[in-house]
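The lines below spell out each chain.
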Amino acid sequence: MTEDRDIQFKNFSHPSPVSIRVKLNGQSTCQSSSGRRADMNFQELGIVCPQEASLGDSSSMEPVIKACCICGTKGTADLFTKCSSCQAVLYCSDECRIADWNHVGDGHSHSVWCSKMKNYMTRNQELAELPFTYAKETACANFDETKYKAFLSRHGILNHGFWRCETIGFNCENVPLPKFGTLPIEGDAYVLPVEGLILEEPSTMTPTSLAHPLQNWKEYYDWRGFQMDSPIAILLSYPLTLYHILAAHLPRDYPHLNITGNGCKITIHIIGVEKEADMIPVFSELGVLLPNVEFIINMLGPEISHSVGQQTKKWDKMKVTLHKTVYHHFNGEAPDLVIGFNAGLGAYRTWPQTLKKLQKHRVPAYFTDYCQYSCECSNMAMQGLGLGTISAPVINPFRSPVRKFCQEHDMPWYSNGFIFHLKYSTEQGT
């Protein structure tokens with residue numbers, strides 16, 4: 001989800017123009033992010049604009065630009081101080097630090113969150129432990145947009161095929177994002193020749209066993225025949241996360257359900273859909289992992305383009321249909337399972353009505369999110385609405401191997417980083 005961000009928790013992004021501070025000859029100077037000062041030599045300052053950086057030269061991509069979590073002032077990392085306790089959030093001045101600590105009115109004073117964020121920071125190493133040969137690079141705290149573009153460029157996939165979804169919105173403050181589902185994908189969608197051949201050709205794989213499902217990326221790569229230097233996990237995090245929920249979480253949390261056995265048909269609603277609408281074919285991997293299950297998938301989201309609404313794609317035992325709508329306005333077939341990727345249940349004004357609908361029908365509903373902070377805000381939203389709570393978030397073994405960079409804090413963020421499900425209150429919603 002990328003819009004309608006509400007004030008239920010601190011917004012760590014600042015879309016409006018903010019000031020940028022840099023040091024010149026030991027002195028701090030300032031400029032607006034909405035334009036350059038005519039007399040300022042950026043090379044002399046040591047600042048490299050991302051669009052001007054050579055993607056093949058890591059030295060040209062320094063320094064990393066950070067931002068104050070309160071006022072949004074941007075600058076090089078040496079201009080900011082972290083909270084001395086949690087080491088998670090950044091401030092440009094004592095005034096901003098004090099203002100954050102003494103903030104009142106919405107429950108998001110740093111005095112309330114500091115100890116929680118300190119605990120979140122202890123998961124850094126655990127989240128970075130991934131089997132890929134490139135993980136040390138992509139799970140680094142300073143792996144920002146420019147470094148990510150350089151990584152994609154080295155693999156020959158930058159702005160090609162499905163990989164174009166990975167750079168939507170980069171360096172585009174105040175520029176409206178395109179409607180999802182309309183990104184033109186021409187030619188080889190996966191671009192990577194070996195991986196594309198494996199994924200697009202009819203599978204001869206031995207089906208995975210739900211009694212002993214694949215547990216992590218290493219097991220999946222070995223099963224599929226991918227090398228550990230392949231970045232294909234970045235795209236496949238979505239279908240593999242869904243597989244993991246079906247194979248590991250659902251049987252444990254809802255043991256009375258039997259919707260993934262041989263010959264079963266399962267209806268899944270994926271809600272809050274955005275870039276997933278441009279990557280529908282990657283979900284066909286579910287049919288390879290669970291070939292004896294018939295999948296009916298409805299993808300729903302208000303940011304899906306009108307031009308692709310109601311479009312359907314079919315494979316052997318899978319049908320995926322796009323719907324441009326918020327979930328609480330959808331009147332289609334009742335689902336067996338609801339999924340929301342990187343949902344941000346406490347961050348968007350459209351979620352409360354959807355959560356009420358889910359509670360009313362008490363459908364099994366699982367969500368992923370980038371970090372524990374967002375999961376806690378989701379729990380606050382559920383409790384605040386009187387609908388129940390969420391389960392304890394757990395690290396997703398099929399999270400993206402790319403750490404999401406945030407200028408205003410250093411908490412570990414990964415796409416599909418954590419998984420939780422809704423735990424409804426005993427009273428039916430109204």
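Everything here concerns the structure above.
Because the structure is predicted, anything quoted here is derived from the model rather than measured.

Visitor: Would you explain the pattern of salt bridges in this entry?
Guide: Opposite charge on two side chains allows them to pair when their charged atoms are near. Within this structure, the stated rule accounts for 11 salt bridges. Connected via shared salt-bridge partners are Lys66, Lys82 and Asp410.

Visitor: I'm lost on the pairing of strand E11 (residues 337-340) in this one. Help?
Guide: Put simply, side chains in a regular strand alternate between the two faces of the sheet. Here E11 shows no split at all, with Leu337 and Ile339 on one side and Val338 and Gly340 on the other all buried. Where strand E7 (residues 265-271) meets E11, three bridges bridge the pair, whose relative direction is parallel. Residue Ile268 lies in a different strand from E11, and its bridge partner there is Leu337.

Visitor: What's the story with the environment of Leu385 in this structure? I'm lost.
Guide: In this structure, Leu385 sits in the loop between helix H12 (372-384) and strand E13 (388-390). For Leu385, a relative accessible area of 30% corresponds to the partly exposed category.

Visitor: What is the right way to look at the packing of aromatic side chains in this model?
Guide: Geometrically, a pair of aromatic rings is defined through the distance of the ring centres and the angle of the planes. Under the counting rule described, the total for this entry stands at 23 aromatic pairs. Both rings, one in Trp113 and one in Tyr373, keep their centres 4.8 Å apart while their planes meet at 55 degrees; by these two values the pair is tilted. Within this pair, whereas Trp113 is found in helix H3 (residues 110-121), its partner Tyr373 is found in helix H12, the two being separated by 260 residues in sequence. For the pair shown, Trp113 and Tyr373 are each scored as buried.

Visitor: Even after reading the chapter, I still don't get helix H7 (residues 193-200), so can you show me in this structure?
Guide: Think of an α-helix as turning once every 3.6 residues; residues three or four places apart then point the same way. For H7, the full list of buried residues reads Glu195, Gly196 and Leu199. All buried residues of H7 lie within an arc of 100 degrees about the axis, which places them on one face of the element. H7 presents Pro193, Val194 and Leu197 as exposed residues on the side facing more than 90 degrees away from its buried surface. Buried positions along H7 lie against helix H8 (217-224), helix H9 (233-253) and helix H10 (285-289).

Visitor: Got a minute to help me understand the pairing of strand E15 (residues 418-424) in this structure?
Guide: For E15, the buried fraction is high: six of the seven residues fall into the buried class. Pairing of strand E12 (residues 365-369) with E15 involves four bridges; the strand directions are antiparallel. Its bridge partner being in E15, Asp369 is matched across the sheet by Phe418. Relative to E15, E13 runs antiparallel, the two sharing three bridges. Bridging from a neighbouring strand, Ile390 pairs with Leu422 of E15.

Reading guide: rules and limits
Residues numbered from 1 in each chain as written. Predicted model: local features only at pLDDT ≥ 70, side-chain atom pairs only at ≥ 80, totals over all residues. Heavy atoms only, no water. Salt bridge = Lys/Arg side-chain N within 4 Å of Asp/Glu carboxyl O. Buried < 20%, exposed > 50% of the residue type's maximum accessible area, 1.4 Å probe, protein only. Helix = DSSP H or I, 4+ residues; strand = E, 2+ residues; numbered from the N terminus. Pairing = 2+ DSSP bridges. Phe/Tyr/Trp six-rings, centres within 6.5 Å; stacked < 30°, edge-to-face > 60°. Arc of directions from axis to C-beta. Contact = heavy atoms within 4.5 Å.

Without other data, these values stay purely geometric and don't point to any function.
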